[in-house]
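Below, each chain spelled out in residue letters.
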Amino acid sequence: MSSCCHDPTEPPRADPRDVLREQEHYDNLVRDLFTGNPERILLRLLNESNAYLRELAALRAHYPSVRLQAIALLNDKSLDTLERICQKEPDSAFGVAALQRIEKLK
């Protein structure tokens, strides 16, 4: 059988370079978490994360600075999350930040 044709039943193979790149990224992250300031590391990762992870951070992050930064990074697709924060914590700094973000987005 010739290897010229693509077999759709065969699972795609991972490129070894991509695997090595991800392993290095993971190792660096673990090293940073063990040796550095976790709050600063989370803030850095927050800027690179997707909308779902930013919403989670806005709702439940342990560090207040991470929650506030996540709220500031949310966009108009996350209005439900911002409104939820306003309802649950109307008098806290997070509720005020969420309300300000909602006003800015509208």
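Anything mentioned here points back to the structure above.
Residues numbered from 1 in each chain as written. Predicted model: local features only at pLDDT ≥ 70, side-chain atom pairs only at ≥ 80, totals over all residues. Heavy atoms only, no water.

### As for the layout of surface pockets
We count it as follows: Definitions used throughout: a 1 Å grid over protein atoms alone; a cavity as a set of points that fits a 1.4 Å probe which cannot get out; a pocket as an open set with protein on both sides within 12 Å along at least five of seven lines; a lining residue as one with an atom within 4 Å of a point. Grid points are joined across faces, edges and corners, and a volume is the space filled by probe spheres set on the points. Secondary structure follows DSSP: runs of H or I at least 4 residues long count as helices, runs of E at least 2 residues long count as strands, and numbering of each begins at the N terminus. Residue polarity is assigned by list, with Asp, Glu, Lys and Arg as charged and Ala, Val, Leu, Ile, Met, Phe, Trp, Tyr, Cys and Pro as nonpolar; anything else, Gly included, falls into the polar class.
If you add up the space inside the largest pocket, you get close to 210 Å³. Lining the largest pocket are Leu42, Leu45, Leu46, Glu48, Ser49, Leu53, Arg54, Ala57, Ala61, His62 and Val66. If one sorts the elements of the lining of the largest pocket by residue count, helix α2 (residues 38-48) sits on top with 4 residues. Each residue belonging to the lining of the largest pocket can be placed in one class, and the counts come to 7 nonpolar, 2 polar and 2 charged.

### Remarks on the packing of helix α4 (residues 64-73) against helix α6 (residues 93-105)
Rules: Note on definitions: angles span 0 to 180 degrees between N-to-C directions of axes, and those axes are lines fitted to C-alpha atoms, for helices only across the stretch in contact. Any angle that is under 35 degrees is reported as roughly parallel, and any over 145 degrees as roughly antiparallel; angles of 65 to 115 degrees are reported as roughly perpendicular and all others as oblique. Note: crossing handedness is left-handed where the near helix turns anticlockwise from the far helix by less than a right angle, and right-handed where it turns clockwise. Whether two residues touch is decided by their heavy atoms; if any such pair falls within 4.5 Å, the residues are in contact.
Closest axis-to-axis distance for the α4/α6 pair is 9 Å, and the angle between their directions is 15°. One element, α4, and the other, α6, form an angle in the roughly parallel class. Where α4 crosses over α6, the two elements pack in a sense that is right-handed. For the pair α4 and α6, contact is made by Pro64, Arg67, Leu68, Ile71, Ala72 and Leu73 and by Ala93, Phe94, Ala97, Ala98 and Arg101, respectively.

### Digging into the side chain of Ser49
Under the convention used in this document: Here's how the labels work: a residue is buried when its accessible area is under 20% of the maximum for its type, exposed when over 50%, partly exposed in between, all with a 1.4 Å probe on protein chains only. For this analysis, a polar contact is any N or O atom pair within 3.5 Å, provided that within protein one partner can donate a hydrogen and the other can accept it, and provided that sequence-adjacent residues contribute only side-chain to side-chain pairs.
Within the element layout of this structure, Ser49 appears in the loop between α2 and α3 (51-60). On the basis of relative accessible area, Ser49 is assigned to the buried category, the value being 17%. Within polar-contact distance, the side chain of Ser49 engages the backbone oxygen of Leu46 at 2.8 Å.

### Describing the nonpolar core
Note the threshold: To form a nonpolar core, buried Ala, Val, Leu, Ile, Met, Phe, Trp, Tyr and Cys residues must be joined to one another through side-chain atoms within 4.5 Å.
One finds Ala57, Ala58, Ile71, Leu82, Ile85 and Ala98 to be the most contacted residues of the largest nonpolar core, which totals 16 residues. Secondary-structure elements contributing two or more residues to this core are α3, α4, α5 (79-88) and α6.

### A short note on the environment of Ala70
With respect to the element layout, Ala70 can be found in helix α4. Between the alpha carbons of Ala70 and Ala58 there is a distance of 5.0 Å; along the sequence they are 12 residues apart. Once you skip the residues sitting within four places of it in the chain, Ala70 turns out to touch Leu46, Arg54, Ala57 and Ala58.

### A word on the packing of aromatic side chains
To keep it simple, the criterion reads: We call Phe, Tyr and Trp rings a pair once their centres come within 6.5 Å, taking the six-membered ring for Trp, and we label the pair stacked below 30 degrees between planes, edge-to-face above 60, and tilted otherwise. For a ring to carry a charge above it, either NZ of a lysine or CZ of an arginine must fall within 6 Å of the ring centroid while also lying within 35 degrees of the normal to the ring plane.
Counted under the stated rule, the structure contains 0 aromatic pairs. The aromatic ring of Phe94 is capped on one face by Arg67, whose charged end is 3.9 Å from the ring centroid.

### Focus on α5
Definition in use: Our arc is simply the arc of the directions from the helix axis toward the C-beta atoms.
Every buried residue belonging to α5 is among Leu79, Thr81, Leu82, Ile85 and Cys86, and all of these are buried. Buried residues of α5 fall within an arc of 165° about the axis and therefore sit on the same side. The exposed set on the far side of α5, more than 90 degrees from its buried face, consists of Asp80, Gln87 and Lys88. Turning to α5, the residues buried within the fold contact α3, α4 and α6.

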